[in-house]
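Report on the structure
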Amino acid sequence: MHTAGEGAPAADGVTSKHAAKKEAKRLEKEAKLAAKQLKQAAPASDKKAKAEKEKTQKVEEPAFENTTPKGEKKDMSQPMAAGYNPHAVEAAWYDWWEAQGFFKPQTQPDGSANPEGRFVIPAPPPNVTGSLHIGHALTVAIQDCLVRWNRMLGKTTLFVPGFDHAGISTQSVVERRLYKLEGKTRHDLGREAFLAKVLDWKNDYQARITNQLRRLGGSYDWNRVAFTMDPSLSKAVIETFCRLHEGGILYRANRLVNWCVILNTTLSNLEVEQKQLEGRTLLNVPGYDLKEKFEFGVITSFAYPIHDSDEKIVVATTRPETMLGDSAIAVHPDDPRYKHLHGKFAKHPFVDRLIPIVTDAIVVDMAFGTGAVKITPAHDPNDYEVGVRHGLEFINILNDDGTLNANAGKKFQGMKRFHARREVVKALGEAGLYVETKDNPMQIPICSKSGDIIEPILKPQWWVNCKPLAEEAIKRTRNGELMISPKQSEADWYRWLENIQDWCISRQLWWGHRCPAYFVRVEGVDADVNDGKNWVVGRTLEEATERAKALVNGANFTLEQDEDVLDTWFSSGLWPFSIMGWPEQTHDLSHYYPASMLETGWDILFFWVARMVLLGIYLTGKVPFSEVLCHAMVRDAHGRKMSKTLGNVVDPLDVIHGLPLVNLHQKLYEGNLDEKEIAKAIAGQKKDFPRGIPECGTDGLRFALCAYSGGGRDINLDILRVEGYRKFCNKIFNATKFAMLKFDSTFVPSASPNPTGNESLVERWILHKLNIASASVNSHLEQRNFMAATTAAHNFWLYELCDVFIEAMKPMTDPTVCLEIRTSAQQTLYTCLDYGLRLLHPFMPFVTEELWQRLPRRINDDPSIMVSRYPTQDARFVFDDAERQFELVLAVVRTGRSLAASYNLQSDIQLFIHASDITETDLIQSQAPTIGSLIKGCTKVAVVGDLSQLPPGCGSTALSPTVAVYLAVQGFIDLEGEVAKLEKKIHAVNLNLDKLLKAKSQPDYRESVPTSVQQANEDKQKVLEAEIAALQQSKGMFLKLQ
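So, the sheet that holds strand β25 (residues 557–561)
- If you walk across this open sheet you meet the 3 strands as β24-β23-β25, and the pairing is antiparallel. Here the strands that pair on one side only, and so sit at the sheet edges, are β24 (535–537) and β25. Across the sheet, the mean angle separating the axes of adjacent strands is 35° when strand polarity is ignored.
- One ladder, built from 3 bridges, connects strand β23 (residues 517–522) with β24; its direction is antiparallel. Within the sheet, the bridge partner assigned to tyrosine 518 lies in β24 and is valine 536.
- Taken strand by strand, helix α13 (residues 541–552) contacts β23, β24 and β25, and its axis lies near 135° from that of β25.

Brief notes about the confidence of the model for the chain
- With 93% of its residues at a pLDDT of 70 or more, the chain shows a mean pLDDT of 90.
- Note that residues 1–49 has pLDDT below 50 and, in this model, 40 contacts with residues that lie over four places away or in other chains.

Focus on the nonpolar core
- In terms of nonpolar packing, the biggest core is built from 165 residues, with Trp797 and Phe843 touching the most fellow members.
- In terms of residues, this core owes the most to one element, helix α24 (residues 786–808), which gives 13 residues.
- Ignoring anything within four residues of it in the chain, the contact list for phenylalanine 843 reads Cys145, Asp699, Arg702, Phe703, Cys706, Val777, Leu781, Ala789, Thr790 and Tyr870.
- Among the nonpolar cores identified, the runner-up in size contains 64 residues, and Leu250, Cys515, Val613 and Val623 belong to it.

Regarding the packing of helix α4 (residues 134–152) against helix α21 (residues 697–708)
- Running from amino to carboxyl end, α4 crosses α21 at an angle of 90°, the nearest separation of the two axes being 9 Å. The orientation of α4 with respect to α21, classified from their angle, is roughly perpendicular. Contacts between α4 and α21 involve Ile134, Ala137, Leu138, Ala141, Ile142, Asp144, Cys145 and Arg148 on the former and, on the latter, Leu701, Arg702, Leu705 and Cys706.
- Tallied by class, residues from the contact of α4 with α21 come to 9 nonpolar, no polar and 3 charged.

Topic: the sheet that holds strand β21 (residues 503–504)
- Strand order across the open sheet formed by 4 strands is β7-β6-β19-β21, with antiparallel pairing between neighbours. Since the sheet does not close on itself, it has two edges, and those belong to β7 (265–267) and β21, each with one partner.
- In terms of strand pairing, strand β6 (residues 250–260) meets β7 through 3 bridges, oriented antiparallel. The residue of β7 that forms the bridge with cysteine 260 is threonine 265.

Regarding the packing of aromatic side chains
- Evaluation of the coordinates by the stated rule reveals 33 aromatic pairs.
- Both rings, one in phenylalanine 194 and one in tryptophan 510, keep their centres 5.9 Å apart while their planes meet at 70°; by these two values the pair is edge-to-face. Of this pair, phenylalanine 194 sits in helix α7 (residues 191–215) while tryptophan 510 sits in the loop between β22 (506–507) and β23; the two residues are 316 residues apart in sequence, bridging distant segments of the chain.
- Given the relative accessible area of 0%, phenylalanine 194 is considered buried.
- When its relative accessible area of 15% is taken as the criterion, tryptophan 510 is described as buried.
- Taken together, the ring pairs in this structure connect Tyr94, Trp97, Phe103 and Phe846 into an aromatic cluster.
- Across from the ring centre of tryptophan 97, 4.6 Å away, lies the NZ or CZ of arginine 148, which sits over that ring.
- For the cation-ring pair, arginine 478 lies above tyrosine 494, with the distance from its terminal atom to the ring centre recorded as 4.1 Å.

Reading guide: rules and limits
Residues numbered from 1 in each chain as written. Predicted model: local features only at pLDDT ≥ 70, side-chain atom pairs only at ≥ 80, totals over all residues. Heavy atoms only, no water. Pairing = 2+ DSSP bridges. Helix = DSSP H or I, 4+ residues; strand = E, 2+ residues; numbered from the N terminus. Axes fitted to C-alpha atoms, helices over the stretch in contact; angles between N-to-C directions. Contact = heavy atoms within 4.5 Å. pLDDT = per-residue confidence, 0-100. Core = buried A, V, L, I, M, F, W, Y, C linked by side-chain atoms within 4.5 Å. Buried < 20%, exposed > 50% of the residue type's maximum accessible area, 1.4 Å probe, protein only. Parallel < 35°, antiparallel > 145°, perpendicular 65-115°, else oblique. Nonpolar A, V, L, I, M, F, W, Y, C, P; charged D, E, K, R; others polar. Phe/Tyr/Trp six-rings, centres within 6.5 Å; stacked < 30°, edge-to-face > 60°. Lys NZ or Arg CZ within 6 Å of the ring centre and 35° of its normal.

Right, here's the structure in full:
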């Protein structure tokens, strides 16, 4: 018998049969009593342990104070803290990294990229509208993970930060704030004074966002920080406008636009959301009294009297007020009901206007409704086309503020649009023209910024003809110049580009890039301001003046610059190359454009990404990046979209630092929410964060966000899961702290991490597992599968390094062990900590730097983990045989633990392993100390060559056909009950064996069943037979003891 651990008690202490029987009964009685006492004592013991734990936890260290001067390296000579404190761990490192220039691109002496290649990400510029939310944190976590990983792979990396002026959103939030605090509008202040206030807001929030980005650990090159309204970027905007106009791509036209009354500006189609209504619905509308609700989701029918006739023609509309702008009634040319009305007129009941009846086979469906359609060309996209086809009058009835103008008639002039809706229906009833109102499932257009209901109105605007640009983008994408992932986003990409519409880029705002376009007012000529022929564009006023001179042929003129500004997405669409200095041919443009990747949310794939590609190809001839990665949208734990009024918008800094519930409530008062919205948000916060937000640290937050990112469209973020990864940081911290105790004062890391060939089995196994983890993480990051990458790194640290190797090496680092074994174990441990921390660094930059700096250094080591080499697959770390052999060892460990748990044994665990194969016997014998160290409470591990060497009273489990694990349980069990349990187990296993044998006995088994399945069945049969033998062995032992 080969043993490890303490010696076993003698098996032959009682000789006579009578004495043996008496002794067995005594032991059984004592076992029952012990079990009962154990059961009774457990709760008290648990309570005591819990109390002791709480007592220990109450002993807090002094509050951490960062005494490291800004930009200097943190002092690592002090002892490690008792526990992980993210505030202390994350202090000082970011400033030191920046001061050391680690965020700047590392290049060859001639300025070219490193041989490993380059990796460039233009960071999506957050809006200066407000602070970052958790969705921005996801963006930073993913992008900085990729940047840090590529930097550690040796590539020249550039991560450019910046900010977007966000025209509509920023002007809107400042206007609301101005009115809330001072009761004033922008018009009360005037353009210049108002823009000064917006600039103050921008500076304030740019500083706040900068702080957030730094706390999130983004390794940006801050020397290149950009803002969309910086002089150089503004120059790029003007250049683009002029080039597009000169190329015939940009034009001016009086066309229907999406008008937001609240914001008083036009919007692109992408900024309009469609709200689905299933029928009659009463809704509040921004700009009206909250108590007032208006009817939507219905269709109203009414009659127009035919001029010079008693006849009437019935039409229907979902927007009754628009009938005040009707300029025609359309019928189908083949509809027999109306042939006699072709060319006739209807009389408008409220306005002195005759309305022609026109025939149109495109817009009219004879089978729908009455077959007659009212036409309002100035307020409906379909009607606009009818108006163009038939040369109809375009009658605008709306002022910009949403009130009706003189064209609507004296009765309705000055009314707000939805008040007018009610009054028109009422007036139709009084005139005897009202027919009916019915439910009508429909969509209504909603402004994504203000929630207002959009009005289609005619406005002279600047437009970009996107079709030729989109055709080229489609061709380049199909040619493989641009890769879009996930695949669902790629399908959306093609669908949108193939159906692209012209882009209205004019905005009626003050904050933004003013259009570099000028109306040429010729003296004595009443020129049409809507006609693009009367406009010139220019990079400067001088250039515009020269062009105007050529236009007017010597006449006197003045230039009037367009008051409108450009759509924010117009300037953002230039981001990848404008931040590199375009249109100037700069060093950055030639070295870092096109970018490697654009990473962003799928929800702005068309708002932003498509426009960058369209403009990038047209202006530079190159696709601005070779890859687009769309991450998921972050929702709350219930799957709801983040909304301030729900109280579920989370500031990443609150997750990093933690925030009590009362402080969460207080932050709601800093915004523009009204009292009713604040009350709703407070209720939401109480439900979602009853104890506030726990302190999770940057590393825990980043790791959690990456772990959530597996390619789906949505992430339902649970703060408790983030807190779970904070505990993972704690595990890494404590494991490293414990492991470093194994490095005595004489330990010096070897110059190379390469194995020496003298490593023990468990050392070779852990190096092999490290190699597998390294290959896996790299592969998953290449595939942009952050969930799988974090899982691989997490599992290595938790289940292989901490749970197995650090425990298994304890006997190997005992002072009594020979120096060669101890040194080898220390070197292997060092390599695992060194490479393991590097493996985690892209996800967890702060804790990994802190712990890596604590480790002893190899000769010529890098100054920081962030510029060290990332672990990759290494043939020198491949030990396939060791993995296979140690898997048997771990199987014995798992079986031993399971067996002990089944008998509720937590201490003095004595295991006996029987192996019929000599190779397995030798292997298990050699690893007995390791097995013992990996099973808590294990005092003995013995390998028996013969079953007769087993002590009496052993429970058992067959591990394989050749290996069985036995556990000494005599004195701890109810023998009679255990025999009954074993009989049940034997019966169950026999049933499985019978079922398998029956399947194998089928006549066509050899011919019809695949060879692989037959082999699996053979193996399964052997395991079942071994299991039965082991159970029978235990049963026999227990019966002898009864």
